[in-house]
Amino acid sequence: MSVKRGRHFLQIPGPTNVPDRVLVAIARPTIDHRGPAFARLARRAFDLTQRIFQTSGPVVIYASSGTGAWEAALVNTLSPGDRVLMCETGHFSTLWRDLAVRLGLEVDYVPGDWRRGVDPEVVGQRLADDGRGAIKAVAVVHNETSTGVTSRIPAIRRAIDRAGHPSLLLVDTISSLGSIDYRHDEWGVDVTVGCSQKGLMLPPGLGFNAISAKALAASANARMPRSYWDWAPMIRDSQAGFFPHTPATNLLYGLCEAVDMLLEEGLANVLARHARHAEATRRAVRGWGLEILCAVPEEYSSALTAVVVPDGCDADAFRAVALDRFDLSLGAGLGRLKGRVFRIGHLGDLNDLMLAGTLCGVEMALAAADVPFRRGGVNAALEYLAAAPVAV
Ligand code: PLP
């Protein structure tokens, strides 16, 4: 294997690049998780996390990947055999559905074509048809990481309200938090699922549930077996700045540093930066004459862009060339999109030149892998970046 120099380009849609400031924070000595210094750290971590979710309610922090936080949202709010409405937006909505089925929930899975987001009208109709109130929760993925499509959560909330249905609304923000506008309280979400390794610029290892008062009330009657994921001891101990078990201490240092960085930049600026990089990326893709997988411009993701390769090409072979020749990691096509798309992650700790380098790597790798394309995509992106204002 040849020796690589310079920084690896990690441009998958998560895990994302971890800023040096966060790496340094995580490198601090681990402390006693039952001592006063830890309580100060944890209180700060809880406060800062609330600001990112835009909630004044409790946020539970697990030592887990996103999948654990998915499971926590379901087992804390539901009972065996409860009906859940989920919508097929791509690979991750399908994995969440499979998890719910394995837990013994009845899932109504609204079919989708993996090119568009949740249709709020369909959600509203399914709920309006559910006169007996059998559906206990609507569970949707905000940013479908497998497709680069962002669903419109406020419109889904309005559809639930118009149907006058008491269902809980559970939202996966695993690849949107810290990169795409999201407001737990204002949008009336009951459980928001998040994790550390994407917009929050942290390594993998933290999972989050932001919890509404309605979800908390539901958890008192929910009968799904739960132990590690149980909100009650987590919320009880968090009041004093502690956890019922050994927490991921060093990741909490990193969490405080990462959220400090996001707040220093200003959340509005963070979102504008992501939107700008996403637009530059789409201009590059169009310039290459390739197709953006997302079929609905209003649902374009600011976190990633999934690119369809021409018929007869293998997206994984192209990605292997990008990695081997240019030390650039791009996201694979997942599930039914395997080999059909590659995904450019443009979320997290990213600036114009990092994006430009990424797009240069893609353009060079397209040529090296003999993928039919037009040259000039990078130029289109650079022209946009040079002209478009940076901050709001
Ligand atoms: N949901 C979404 C939208 C994701 O992108 C992912 C992972 O990429 C998951 C859930 C699963 O999270 P994890 O792999 O951290 O368990």
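Residues numbered from 1 in each chain as written. Predicted model: local features only at pLDDT ≥ 70, side-chain atom pairs only at ≥ 80, totals over all residues. Heavy atoms only, no water.

K.L.:
What am I meant to see in the pairing of strand 4 (residues 106-110) here?
P.N.:
Most of strand 4 sits out of view: four of its five residues are buried. By the bridge criterion, five bridges tie strand 3 (residues 83-87) to strand 4 in an arrangement that is parallel. Looking across to strand 4, one finds that Leu-85 is bridged to Asp-108. (Buried < 20%, exposed > 50% of the residue type's maximum accessible area, 1.4 Å probe, protein only. Helix = DSSP H or I, 4+ residues; strand = E, 2+ residues; numbered from the N terminus. Pairing = 2+ DSSP bridges.)

K.L.:
Explain the packing of helix 11 (residues 315-326) against helix 12 (residues 352-368) here, please?
P.N.:
Helix-helix packing is characterised by the crossing angle of the two axes and by the distance between the axes. In contact at an axis separation of 9 Å, helix 11 and helix 12 are set at 115 degrees when each is read in the N-to-C sense. It follows that helix 11 is roughly perpendicular to helix 12 by the angle criterion. Relative to helix 12, helix 11 is oriented so that their crossing is right-handed. Facing Phe-318, Val-321, Ala-322, Arg-325 and Phe-326 of helix 11, the residues of helix 12 in contact are Gly-361, Val-362, Met-364, Ala-365, Leu-366 and Ala-368. Looking at the contact of helix 11 with helix 12, its residues break down into nine nonpolar, one polar and one charged. (Axes fitted to C-alpha atoms, helices over the stretch in contact; angles between N-to-C directions. Parallel < 35°, antiparallel > 145°, perpendicular 65-115°, else oblique. Left-handed = near helix turned anticlockwise from the far one by under 90°. Contact = heavy atoms within 4.5 Å. Nonpolar A, V, L, I, M, F, W, Y, C, P; charged D, E, K, R; others polar.)

K.L.:
Looking at this structure, how should I read the packing of aromatic side chains?
P.N.:
Aromatic ring pairs are reported here in terms of the distance separating the ring centres and the angle at which the planes meet. In total, this model carries 10 aromatic pairs according to the counting rule given. Between Phe-46 and Phe-243, the ring centres sit 5.5 Å apart and the planes meet at 25 degrees, which makes this aromatic pair stacked. Taken together, the residues span a long stretch of sequence, with Phe-46 in helix 2 (residues 36-53) and Phe-243 in the loop between helix 8 (231-238) and helix 9 (249-265) at a distance of 197 residues. On the accessibility criterion, Phe-243 (5% relative accessible area) is buried. Members of the aromatic cluster, joined through ring pairs, are Phe-38, Phe-46, Phe-242 and Phe-243. Here Arg-97 stacks its cationic end above the ring of Tyr-109, 4.5 Å away from the centre of that ring. (Phe/Tyr/Trp six-rings, centres within 6.5 Å; stacked < 30°, edge-to-face > 60°. Lys NZ or Arg CZ within 6 Å of the ring centre and 35° of its normal.)

K.L.:
Would you explain the domain arrangement of the chain in this entry?
P.N.:
Bring the parts together and some accessible area is lost; that lost area is often taken as the interface size. Domain assignment breaks the chain into domain 1 (9-16 + 266-387) and domain 2 (20-263). Relative placement of domain 1 and domain 2: their C-alpha centres are 27 Å apart. With 30 residues of domain 1 in contact, the opposing surface of domain 2 contributes 34 residues. Buried surface at the junction of domain 1 and domain 2, summed over both partners, amounts to about 2500 Å²; 57% is from carbon and sulfur atoms. Interface area lost by domain 1 to domain 2 is led by Leu-267, Glu-299 and Arg-336, which between them contribute 24%. (Domains from an automatic or database assignment. Buried area = accessible area lost by both parts, 1.4 Å probe.)

K.L.:
Mind showing me how you'd approach the site of the ligand here?
P.N.:
By nearness alone, every residue bordering the ligand is listed as Ser-65, Gly-66, Thr-67, Trp-70, Phe-92, Val-141, Asn-143, Thr-145, Asp-172, Ile-174, Gln-197 and Lys-198. Here Gly-66 contributes a backbone N or O atom positioned 2.8 Å from an oxygen atom of the ligand. Within the side chain of Lys-198, a nitrogen or oxygen atom sits 2.7 Å from an oxygen atom of the ligand. For the ligand, whose accessible area on its own is 390 Å², the fraction buried by protein is 86%. In terms of residue count, helix 3 (residues 66-77) provides more of the shell around the ligand than any other element does, three residues in total. (Near = heavy atom within 4 Å. Polar contact = N/O pair within 3.5 Å; in protein donor to acceptor, adjacent residues only side chain to side chain. Areas by Shrake-Rupley, 256 points an atom, 1.4 Å probe, with all protein chains shown as cover.)

K.L.:
Can you walk me through unusual backbone geometry in this structure?
P.N.:
Peptide bonds are trans in most cases, and residues, glycine excluded, mostly fall at negative phi. Gly-14 connects to Pro-15 through a cis peptide bond whose omega is -5 degrees. Along the chain, Pro-15 falls in the loop between strand 1 (9-11) and helix 1 (20-26). If you check the backbone angles, Gln-54 has positive phi at about 55 degrees while not being a glycine. Within the secondary structure, Gln-54 sits in the loop between helix 2 and strand 2 (59-63). The class for Gln-54 is partly exposed, based on a relative accessible area of 31%. Positive phi, normally seen in glycine, also occurs at Trp-114, with a value near 65 degrees. If you trace the backbone, Trp-114 turns up in the loop between strand 4 and helix 5 (120-128).

K.L.:
Would you take a moment to explain helix 11 for this structure?
P.N.:
In an α-helix, one turn spans 3.6 residues; hence positions three or four apart end up facing the same way. Under the 1.5 Å per step criterion, the end-to-end length of helix 11 is 16 Å for 12 residues, consistent within 8% with the ideal 16 Å. Once helix 11 finishes, Asp-327 follows within two positions and takes phi at roughly 55 degrees, a positive value. (Expected span 1.5 Å × (residues − 1).)

K.L.:
It is not clear to me how the pattern of salt bridges should be interpreted in this structure. Could you clarify?
P.N.:
Pairs may arise between side chains of opposite charge once their charged atoms sit close together. For the structure shown, the criterion picks out 23 salt bridges. Residue Glu-88 is joined to Arg-336 by a salt bridge in which the shortest nitrogen-to-oxygen separation is 3.1 Å. Taken together, the residues span a long stretch of sequence, with Glu-88 in the loop between strand 3 and helix 4 (91-102) and Arg-336 in the loop between strand 13 (328-330) and strand 14 (341-345) at a distance of 248 residues. Given a relative accessible area of 14%, Glu-88 falls into the buried group. In this structure, Lys-338 engages Asp-316 in a salt bridge whose closest nitrogen and oxygen atoms are separated by 2.7 Å. With Lys-338 in the loop between strand 13 and strand 14 and Asp-316 in helix 11, this residue pair connects regions lying 22 residues apart in the sequence. (Salt bridge = Lys/Arg side-chain N within 4 Å of Asp/Glu carboxyl O.)

K.L.:
Is there a simple way to think about the environment of Asp-47 in this case?
P.N.:
Mapped onto the secondary structure, Asp-47 falls in helix 2. Along the backbone, Asp-47 and Gly-254 are 207 residues apart, and their C-alpha atoms lie at a distance of 14 Å.

K.L.:
Sorry if this is basic, but what is going on with the sheet that holds strand 5 (residues 135-141) here?
P.N.:
Two orientations exist for strands paired in a sheet by backbone hydrogen bonds: parallel and antiparallel. Strand order in the open sheet made by the seven strands is 2-10-9-8-5-3-4, with mixed pairing throughout. Every other strand in the sheet has two partners, leaving strand 2 and strand 4 as the edge strands with one partner each. On average, each strand axis in the sheet is inclined to that of its neighbour by 20 degrees, with strand direction left out of account. The pairing of strand 9 (residues 191-195) with strand 10 (residues 206-211) spans five bridges and is classified as antiparallel. From the neighbouring strand, Gly-194 faces strand 10, where its bridge partner is Phe-208. Contacts from helix 4 reach strand 3, strand 4, strand 5, strand 8 (168-172) and strand 9, with the element oriented near 160 degrees to strand 4.

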